[in-house]
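Spelled out from the first residue to the last, the chains are:
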Amino acid sequence: MSTTEDLPFAFYGTIIHSNSIQSLEILEDTLLAVSASNGHILTLQPNTPQDQVDRALTALDIPASRTTRLRRGQFLIPGFVDTHNHAPQWMQRGLGQGMHILDWLSGVTFPNEARFRDPEYARRVYAGLVAGMLRQGVTTASYYGSLHGEATCILADTCLENGQRAFVGKCNMNRNSPDYYRDASTEESLAETERCISHIQTIDPSGSLLKYVITPRFAISCEADLLARLGTIASRNPDLPIQTHFNEAEQEIQATLSLFPAFTNEVDLYSHYGLLKPRTILAHCTIMTDAETQSLAALDCGIAHCPTANMTVGGGFMAAPVRDFLSRGMKVGLGTDSGGGFSSSILDSIRHALIASFSREAASAGREKGLTLEEVFYLATMGGARVMGIDDKIGGFGVGKEFDAVVVDMNTATGGVNAPVEEEDEIRRVFDKFLMTGDDRNMVQVFVRGQKVHSCIVGE
């Protein structure tokens, strides 16, 4: 017997998403209906007069109890996509700021990540991580786990239990880290990888929320044989995404090339091992030659831009050439990098992406134009979905897409520190205030695939 919860549900009010990287679409008086059975958007009807809403809801068999009418100061946006996040670094955010990347890894990160050999510790930390990310509107994330297979499976379990869409990968690393935090051998690293792939495919056979992502930490951490055999797994499993770090900092680049003297750049290195594909997510890409950028564009790799981390850890203020990437039509999304920066907020990544782009504009004497709010919002939503190869499912509110969304409330009752909404403020002005001054307190409901995964509304 069907119940009310089996019926579609709807929102009526203001809906905001990107219909291109340059263009923001603000749809007022819009009726959006979602299927309860599969979480797909059934209809999107902009400019529906209030006196016609009830008739439209009746036609869709949606009762009043299943309809949310957004008030002034409230609007719906797509869920944020974090294309680069180190899950085990949740507890170390803010530590080691200003350190060079390799010093930061050995002094801060490896000791912290080694703690995930304890499954109970992993279970506790990952519960907080996933809840915290959902609270901040991150409906989709590409996660690096620790090197521990069991902890990585726990991370996948936690994402699925809490309804977060995620790529999850065990870090492969069998050299250049302490004995206490290193894969014992290539064989062990690969065996644990296969174990995690099997686990994720078992708990989510349809891949509706989870995918395993092949995750060599970076070439410094992997012997050549391990990279080659991960490339073999990638070729054998064309549905699996790949992620690694790429041209993150000068110290990292020089160390990489010293370990692989047969190569003069990281493009040739990773390509040689079969790890650069259209489904590859490359984190950072801050120091790029024109030839490297041209090669990555031809390979159709995605770029995870992590401005917060790039400006605080690594060895100097680094600003990736995002304008150049976009001018070549490359796929670019935003990442928080977790411990590599100091914030897990995609809103902070949006703001810092602006700042980093303004620094590039100044350094280039105006040749590289700074990004706009329209562009950085796109990177945080549809851009991230493209990088992860799921823009056919999420990133916007097209009919047939899956409903990953955030209800934003900019009214003072939320108790946030956002710029107050004034009576005369038009919706675009309210939206700008949210991007530049809002925080998790303004994200009052979060949905993934039509399921409510977070709510801070009293009474729910």
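The present account deals with the structure reproduced in this document. On a predicted model such as this, the values are computed, not experimentally measured, just so you know.

Given a rise of 1.5 Å per residue, 13 residues ought to cover 18 Å, yet the end C-alpha atoms of helix α2 (residues 101-113) are separated by just 15 Å, more than 12% below that figure. At Gly107, α2 is bent by approximately 35 degrees, the largest bend along its length, and proline Pro111 sits one to four residues beyond. Inspection of α2 places Ile101, Trp104, Leu105, Val108, Thr109, Phe110, Asn112 and Glu113 among the buried residues, and these make up the whole buried set. On its buried face, α2 sits against β6 (80-86), α3 (119-135) and α7 (250-259).

Let us now look at the packing of helix α4 (residues 149-162) against helix α5 (residues 186-203). At a minimum axis separation of 9 Å, α4 and α5 run at an interaxial angle of 20 degrees. Taken as axis vectors, α4 and α5 run roughly parallel relative to one another. Considering how the two elements wind past one another, α4 and α5 form a crossing that is right-handed. Contact residues: α4 offers Gly149, Glu150, Thr152, Cys153, Ala156, Asp157 and Leu160, while α5 offers Glu192, Arg195, Cys196, His199, Ile200 and Ile203.

Once that is clear, we can look at the side chain of Ser343. Secondary-structure assignment places Ser343 in the loop between β13 (331-334) and α12 (346-363). Separated by 3.0 Å, the side chain of Ser343 and the backbone nitrogen of Ser345 make a polar contact. Here the side chain of Ser343 touches Asp348 through a polar contact of 2.6 Å, side chain to side chain. Not counting residues within four places of it along the chain, the set of residues in contact with Ser343 comprises Thr308, Thr336, Ser338 and Asp348.

This next bit is on the pattern of salt bridges. In the structure shown here, the tally under the stated rule is 25 salt bridges. A salt bridge links Glu120 to Arg123, with the nearest nitrogen and oxygen atoms 2.6 Å apart. In this pair, Glu120 and Arg123 are both assigned in helix α3, three residues apart and thus about one turn of the helix distant. Close ionic contact of Asp404 with Arg165 constitutes a salt bridge, the shortest N to O distance being 2.9 Å. Of this pair, Asp404 sits in the loop between α13 (373-387) and β14 (405-409) while Arg165 sits in strand β8 (residues 165-169), and the two are 239 residues apart along the sequence. Just as Asp404 is buried, Arg165 falls in that class too. Each of Arg165, Glu402, Asp404 and Arg449 takes part in one network of salt bridges that share partners.

Thresholds applied
- Residues numbered from 1 in each chain as written.
- Predicted model: local features only at pLDDT ≥ 70, side-chain atom pairs only at ≥ 80, totals over all residues.
- Heavy atoms only, no water.
- Helix = DSSP H or I, 4+ residues; strand = E, 2+ residues; numbered from the N terminus.
- Expected span 1.5 Å × (residues − 1).
- Bend = angle between axes of the 7 residues up to and from the residue.
- Buried < 20%, exposed > 50% of the residue type's maximum accessible area, 1.4 Å probe, protein only.
- Contact = heavy atoms within 4.5 Å.
- Axes fitted to C-alpha atoms, helices over the stretch in contact; angles between N-to-C directions.
- Parallel < 35°, antiparallel > 145°, perpendicular 65-115°, else oblique.
- Left-handed = near helix turned anticlockwise from the far one by under 90°.
- Polar contact = N/O pair within 3.5 Å; in protein donor to acceptor, adjacent residues only side chain to side chain.
- Salt bridge = Lys/Arg side-chain N within 4 Å of Asp/Glu carboxyl O.

In short, shape yes, function no, at least from these values alone.
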